[in-house]
Amino acid sequence: MSTAGRSPVEPVADESTAEPGETAVDLDSAQRAEAISSLAADREADASDGDTLLEVRGLQKWFPVKAGFIRHTIGHVKAVDDISFEVKRGETFAIVGESGCGKSTAGRAILQLEKPTGGEVIFHSRDNPPVDLVTCNDYQLQQMRSNMKIIFQDPFSSLDGRMTVGRSIAEPLVIDGKLGRQAIKDRVAELLTAVGLRPEHASRYPHAFSGGQRQRIGIARALALNPDLIVCDEAVSALDVSVQAQVLNLLERLQRELNLTYIFISHDLSVVEHISDHIAVMYVGKVVEIAPVQKLFSRPRHPYSAALLSSVPKPDPTNKTDPEMLVGEVPSPANPPSGCYFHTRCPFAQDICKVEQPPLRDLDGQGHLAACHFAEDLTLDGVEAVPPMSFQVPSRPVGGVGSLT
């Protein structure tokens, strides 16, 4: 996994897993390291980092708009409209944008949780030829399922409240059918330990855990079948800020030691800057810019990307710079404007922008792509640095009264 240019997330003490009368779980404990090593040993030999794992070509997901007594289709909501990108093995590829831009739908369409309207999603597995997930048959898709998993946004609703934590994590293993009962039980214990929980937590129900703990359970479930690709759909947005840092630390360590590949979907640019290698910016169902993380943050080439970056909080409280305010409203994906979708809000729009849709093209020959007619001519402001996500949780007595130490 490439980590060049990243601002590391500082390690934090994790007391979110502690129960009254118990000490906090040490995320760097020998037991946890042993569990992760065991998970890594179970993985087959992976291809080298940098090899293409996923190719998305012209992906579309349109939802029909129905009306009338017979519910006939009168239009479509173009939630994802002709997006293309590649994800390399071992990297974190982020998809960012405003709420409603289609980033979560794109993630679900890649995993075939939503059947795409068109396009190709080509998955390069370790032992088999590349498979187009859109056109493959049900048997082929079932065989590929173990290589692709998702971590959902809401750590509570994504877990069945009627099932114990152990059953939730074991369910994919049971469906896979390759392990016996005792082996599944041992595997669940390993997974819980690897994500910073205790094996005995397997007998408890989701309501007994905090939000951060439930998200750890979701991560353990996603790791159950040794996937190559994990889609993190707003995986930390529902968590408290300090817990976000803990979960990001966990995701980065698991990626490093298990050679995982992430598609990280988020609207929080501070989080994305710390964890990602490449970023795709979406606007009204389309990708408007793709770049390595440091290139996009230092010099965005699309006006919408620059507007997003201007909204990132500045680390200097004396910096009075106001975010760039875009005029107008976000267009409806059911009735997008002609030409460039962003021209109705763009301060640099010209006549050509209203009639001709700009292609997503490589601007420098090094993977910085932008869909703007004037990308080469514009000088847009980026950000020098995003406030580092460094949190230190003070140790404190558990189950008693005392001062912070």
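Residues numbered from 1 in each chain as written. Predicted model: local features only at pLDDT ≥ 70, side-chain atom pairs only at ≥ 80, totals over all residues. Heavy atoms only, no water.

Caption draft 1: View of unusual backbone geometry. Notably, Arg-71 is not glycine yet its phi reads approximately 55°, a positive angle. Examined against the element boundaries, Arg-71 turns out to sit in the loop between strand S1 (52–67) and strand S2 (72–88). (Helix = DSSP H or I, 4+ residues; strand = E, 2+ residues; numbered from the N terminus.)

Caption draft 2: Expanded view of the layout of surface pockets. By volume, the largest pocket is sized at about 1200 Å³. Along the walls of the largest pocket sit 34 residues, with Arg-145, Ser-146, Lys-149, Asp-176 and Leu-225 positioned nearest its centre. Of all the secondary-structure elements, those providing two or more residues to the lining of the largest pocket are helix H3 (138–144), strand S6 (148–151), helix H4 (165–176) and helix H6 (211–223). If you tally residues by element for the lining of the largest pocket, the top one is H4, at six residues. When the residues that make up the lining of the largest pocket are grouped by side-chain class, the tally is 13 nonpolar, eight polar and 13 charged. (1 Å grid on protein atoms, 1.4 Å probe; cavity = no way out; pocket = protein on both sides within 12 Å on 5 of 7 lines; lining within 4 Å. Points joined across faces, edges and corners; volume = space filled by probe spheres on them. Nonpolar A, V, L, I, M, F, W, Y, C, P; charged D, E, K, R; others polar.)

Caption draft 3: Structural context of empty space enclosed by the protein. Enumeration according to the criterion identifies three cavities of 30 Å³ or more in this entry. For the largest cavity, the calculated volume is near 70 Å³. Around the largest cavity sit His-302, Cys-340, Phe-342, His-343, Cys-346, Phe-348, Ala-349, Cys-353, Cys-372, His-373 and Phe-374, which together line it. A class-by-class count of the residues in the lining of the largest cavity yields eight nonpolar, three polar and no charged.

Caption draft 4: Representation of the packing of aromatic side chains in the model. Tallied over the full model, the rule gives four aromatic pairs. Plain terms: the ring middles of Tyr-283 and Phe-342 are 5.1 Å apart, the flat faces sit at 90° to each other, and that makes the pair edge-to-face. One end of the pair, Tyr-283, is in strand S9 (residues 278–283); the other, Phe-342, is in the loop between helix H10 (303–310) and helix H11 (351–355), with 59 residues separating them in the sequence. There is no split in this pair, since Tyr-283 and Phe-342 are both buried. Cluster of aromatic residues (ring-pair linked, three or more members): Tyr-283, Tyr-304 and Phe-342. One cation-aromatic arrangement involves Lys-61 over Phe-63; the distance from NZ or CZ to the ring centre is 4.9 Å. Just above the ring of Trp-62 sits the side chain of Lys-78; from NZ or CZ to the centre is 4.7 Å. (Phe/Tyr/Trp six-rings, centres within 6.5 Å; stacked < 30°, edge-to-face > 60°. Buried < 20%, exposed > 50% of the residue type's maximum accessible area, 1.4 Å probe, protein only. Lys NZ or Arg CZ within 6 Å of the ring centre and 35° of its normal.)

Caption draft 5: Local environment of the sheet that holds S1. Ordered in space as S2-S1-S4-S5, the four strands form an open sheet in which the pairing is antiparallel. The open sheet is flanked by S2 and strand S5 (131–132), the only strands paired with a single partner. Pairing of S1 with S2 involves 13 bridges; the strand directions are antiparallel. Paired with Leu-59 across the two strands is Ile-83, which belongs to S2. (Pairing = 2+ DSSP bridges.)

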